[in-house]
Amino acid sequence: MDARKRMLIQVARHLCYALSLLAAYVLQTTPGFLSFGGIKPVLLVPLALCIGVFEGAFTGALYGAAAGLMWDIASGRTGGFFAIQLMILCFVCAVSVTLYLRGTILNVSLLTGGVMLLMCSADFLFGYLLHGYSGLGRLYLTRILPVVVFSAAVTFAPWLLTRRIAEKFVPGD
Amino acid sequence: MKDFFSSLKFKILVGVLVLLAGVMTYAAANGRLSAAPQELLGAIAVPFQRLSSAISGAAEGFVDKYIRIDSIIEENEQLQRENAELREQLVDYDIMKRENEQLREAWEMKEEYPDRQIVNANVIGRDPLEKYYSFTIDKGERHGVKVKDCVITAKGVVGRVIEVGPNYAKVATILDPNVFISCMTSRTGDIGLVGGDVTLSQSRQCAMTLLPRDTMASAGDEVITTNEGGAFPKGLAVGRVADVLPEASGKSMFAVVDPYEDIESVKMVMVITEFSE
């Protein structure tokens, strides 16, 4: 396989990942999509983590930054708030899978749950807790934790998609 | 792993991290992210969001009927048969009916208040982490929408525009603690500020604060906008008082308000871009 063909395959693979991110952004913000009792999953986080698991720490961190920035825009948070967190967490998760864990659906789902818990708790801390609002315990239990669990539960879909893309576009030797 | 930390890739990641920290500092200092990435993403994503929103709306109606089919069977077998026959037609019919009602109400409002410039918009985005049901609409600067424009439906006030792109706008609802609208109770004329409250927002209610201690307002009173501050036209319906309670400070009272509009599931809204009151 010549260098040009290998490069084209790489470009196609990353184009697919970029389109997946766009699709996740659109679906995540679509009113009513996968909404149960007003709870919707965050799709950008599991997708970025799956890309990190299949592509390694460097690429994962870059896609984590991009996905985090998209989530910042979607949720109206201060630009970079989720991007920085997700970039670091994608890097850490990808390294964990490289060194210690197997990249199975179950492991990636658990990692998604952990990452979502950290990010949502940070958002809760800076967005609500520090403002001194009342009745926050109930809000955390009824709105935030269900989003964390739901996002971890749907990780299988981004995992299957990412694996398909990673296996389809192999540069070869 | 040690090699990685001394490699070019690691330096690139650190560079990106520093860049993001700079972006965050800029956004925190200026109140929002630079317009470029938001508008770029908006330009790319809004057409897809419109499409997925339309599909989701149709599917939601379809799936909802299936979820409730058991109780329908128990209640009445005849109704079940009728439902099955009409189900396919209803999906399209519901959407068209809703749009038609919204447009008719907008037209009636235009006739009643010719000075008001109204832009009809569809809700195309809601984030999973949004606790106060803020949303994105498919109309923006190109359609005359501006920051602070008021967003309503035929039933009542929904919120105000907080951010505008060329073809989209973000709306903070009256359940958001950062939104304050000058309002009055129509029966007693007591003036207060209607806005969100973290606790009340969980039951889709908002608060009317700064009511005088001797207020005569009571449950059932209608809450309407005043034109104080000039942000909202006078006389728009907001909701109905559910309860009147003393504030924690004891210096004033506040009312718990049930908004007329179901803010969690509203799909079409109107933006008042100009008015002369």
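Bear in mind that the values here come from a model prediction, so they are computed numbers and not experimental data.

Novice: In this structure, what is going on with the overall build of chain B? I would like to understand it.
Specialist: Across its full length, chain B holds six helices and twelve strands. Per-residue burial for chain B yields a buried fraction of 35% across its 277 residues. Pairs at least 24 residues apart make up 56% of the contacts formed inside chain B by residues separated by at least 6 positions.

Novice: Sorry, what's going on with the overall build of chain A here?
Specialist: Counting its regular elements, chain A contains seven helices and zero strands. Tracing chain A from N to C terminus, the helices and strands come up as α-α-α-α-α-α-α. Looking at chain A as a whole, 45% of its 173 residues qualify as buried. Here the contacts in chain A between residues at least 6 apart in sequence split such that 69% fall between residues at least 24 apart.

Novice: How should I be thinking about the interface of chain A and chain B in this particular structure?
Specialist: Where interface size is given, it is often the accessible area lost as the parts come together that is meant. Residue-level contacts link 45 residues of chain A with 41 residues of chain B. When its residues are assigned to classes, the side of chain A that touches chain B shows 27 nonpolar, 13 polar and five charged.

Novice: Where do I start with the environment of Pro246 of chain B in this structure?
Specialist: All names here are of chain B. Among the secondary structure elements, Pro246 is positioned in strand 10 (residues 237–246). Looking at Pro246, the number of C-beta atoms within 10 Å reads 12, which means it is exposed. It is 9.8 Å that separates the C-alpha atoms of Pro246 and Leu210, two residues lying 36 residues apart in sequence.

Novice: What am I meant to see in the packing of helix 1 (residues 3–29) of chain A against helix 3 (residues 57–75) of chain A here?
Specialist: Residue and element names in this part refer to chain A. For the pair helix 1 and helix 3, the least separation of the axes is 11 Å and the interaxial angle reads 25 degrees. On the basis of the axis angle, helix 1 is roughly parallel to helix 3. The way helix 1 lies across helix 3 gives a crossing that is right-handed. Here Tyr17, Leu21, Tyr25, Gln28 and Thr29 of helix 1 come into contact with helix 3, specifically with Tyr63, Ala66, Ala67, Met70 and Ala74.

Novice: Any chance you could explain the UniProt feature "transmembrane region" (unreviewed entry) in chain A here in plain terms?
Specialist: The residues that UniProt annotates with the feature "transmembrane region" (unreviewed entry) are residues 44–69, 81–101, 107–128 and 140–161 of chain A. Helix and strand shares over residues 107–128 of chain A are 95% and 0% respectively, and the end C-alpha atoms of the span are 31 Å apart.

Novice: Could you clarify how one ought to interpret the sheet that holds strand 7 (residues 191–195) of chain B in this entry?
Specialist: Hydrogen bonding along the main chain pairs the strands of a sheet, whether they run parallel or antiparallel. The sheet built from six strands closes into a barrel, its strands ordered 6-7-8-11-10-9 (chain B) with antiparallel pairing. Direction aside, neighbouring strands of the sheet carry axes that sit 40 degrees apart on average.

Novice: It is not clear to me how the pairing of strand 9 (residues 222–225) of chain B should be interpreted in this structure. Could you clarify?
Specialist: Regular strands have side chains that alternate between both faces of the sheet. Residues and elements named next belong to chain B. Here strand 9 shows one buried face, formed by Val223 and Thr225, and one open face, formed by Glu222 and Ile224. Relative to strand 10, strand 9 runs antiparallel, the two being bridged by three bridges. Residue pairing across strands places Ile224 opposite Ala237, the latter belonging to strand 10.

Novice: Sorry, what's going on with the packing of helix 5 (residues 105–127) of chain A against helix 6 (residues 136–153) of chain A here?
Specialist: Helix-helix packing: each pair is described by the crossing angle between the helix axes and the interaxial distance. All names here are of chain A. The interhelical angle for the contact between helix 5 and helix 6, taken along N-to-C directions, is 150 degrees, at an axis separation of 8 Å. Accordingly, the angle class assigned to the pair helix 5 and helix 6 is roughly antiparallel. Our pair here, helix 5 against helix 6, has a crossing hand that is right-handed. On the side of helix 5, the interface is formed by Ser109, Thr112, Gly113, Met116, Leu117, Cys120 and Phe124, while helix 6 contributes Tyr140, Ile144, Val147, Val148, Val149, Ser151 and Ala152.

Novice: Help me understand the sheet that holds strand 12 (residues 268–274) of chain B in this model?
Specialist: All names here are of chain B. The strand order around the closed barrel built from six strands is 1-2-5-4-3-12, with neighbouring strands paired in antiparallel fashion. Averaged over all adjacent pairs, the angle separating strand axes in this sheet is 40 degrees, with direction ignored. Inspection of the sheet shows strand 1 (residues 117–125) paired to strand 12 by six bridges, in the antiparallel sense. Directly across from Ala121, in strand 12, lies its bridge partner Val269.

Novice: Just to check I follow, could you spell out the nonpolar core for this structure?
Specialist: For soluble globular proteins, the rule of thumb is that nonpolar side chains tend to be buried together. Among the nonpolar cores identified, the biggest contains 106 residues, and Leu44, Ala67, Leu86 and Cys90 of chain A are the most heavily contacted of them. Counting the residues that make up this core, at least three belong to each of domain 1 (36–173 + 266–274) and domain 2 (180–259) of chain B. Other than its neighbours up to four places away in sequence, Leu86 of chain A contacts Val45, Ala48, Gly64, Ala65, Ala67, Gly68 and Met119 of chain A.

Novice: Quick question: what am I supposed to make of the pairing of strand 11 (residues 253–259) of chain B here?
Specialist: All names here are of chain B. Most of strand 11 is tucked away, with five of its seven residues classed as buried. As judged from the four bridges shared by strand 8 (residues 206–211) and strand 11, these two strands associate in the antiparallel manner. Within strand 11, the residue paired with Met208 across the bridge is Ala255. Looking at chain direction, strand 10 and strand 11 are connected through seven bridges and run antiparallel. Looking across to strand 11, one finds that Gly239 is bridged to Pro259. Hairpin connection between strand 10 and strand 11: a loop of six residues separates the two successive antiparallel strands, and Gly250 in this loop has a positive phi of roughly 80 degrees.

Novice: Explain the environment of Ala67 of chain A to me, please; I cannot follow it from the model alone.
Specialist: Residue and element names in this part refer to chain A. You can see Ala67 is positioned in helix 3. On the basis of neighbour counts, which here come to 28 C-beta atoms within 10 Å, the residue Ala67 falls in the buried class. As a C-alpha pair, Ala67 and Leu21 span 46 residues in sequence and 6.8 Å in three-dimensional space. Not counting the four nearest positions on each side in its chain, Ala67 is found in contact with Leu21, Leu44, Val45, Leu47, Ala48 and Leu86.

Novice: Sorry, what's going on with unusual backbone geometry here?
Specialist: What is expected of a backbone is that most residues other than glycine have negative phi and most peptide bonds are trans. Residues and elements named next belong to chain B. Even without being glycine, Tyr133 reaches a positive phi, approximately 60 degrees. For Tyr133, the position within the fold is in the loop between strand 1 and strand 2 (135–137). The phi dihedral of Arg204 falls on the positive side, at around 55 degrees, and the residue is not glycine. Locating Arg204 in the fold gives a position in the loop between helix 6 (198–201) and strand 8.

Criteria and cut-off values
Residues numbered from 1 in each chain as written. Chains lettered and ligands numbered in written order. Predicted model: local features only at pLDDT ≥ 70, side-chain atom pairs only at ≥ 80, totals over all residues. Helix = DSSP H or I, 4+ residues; strand = E, 2+ residues; numbered from the N terminus. Buried ≥ 20, exposed ≤ 12 C-beta atoms within 10 Å, placed from the backbone. Contact = placed C-beta atoms within 7 Å. Nonpolar A, V, L, I, M, F, W, Y, C, P; charged D, E, K, R; others polar. Axes fitted to C-alpha atoms, helices over the stretch in contact; angles between N-to-C directions. Parallel < 35°, antiparallel > 145°, perpendicular 65-115°, else oblique. Left-handed = near helix turned anticlockwise from the far one by under 90°. UniProt positions renumbered as here; feature names shortened; annotations may be inferred. Pairing = 2+ DSSP bridges. Core = buried A, V, L, I, M, F, W, Y, C linked by C-beta atoms within 7 Å. Domains from an automatic or database assignment.

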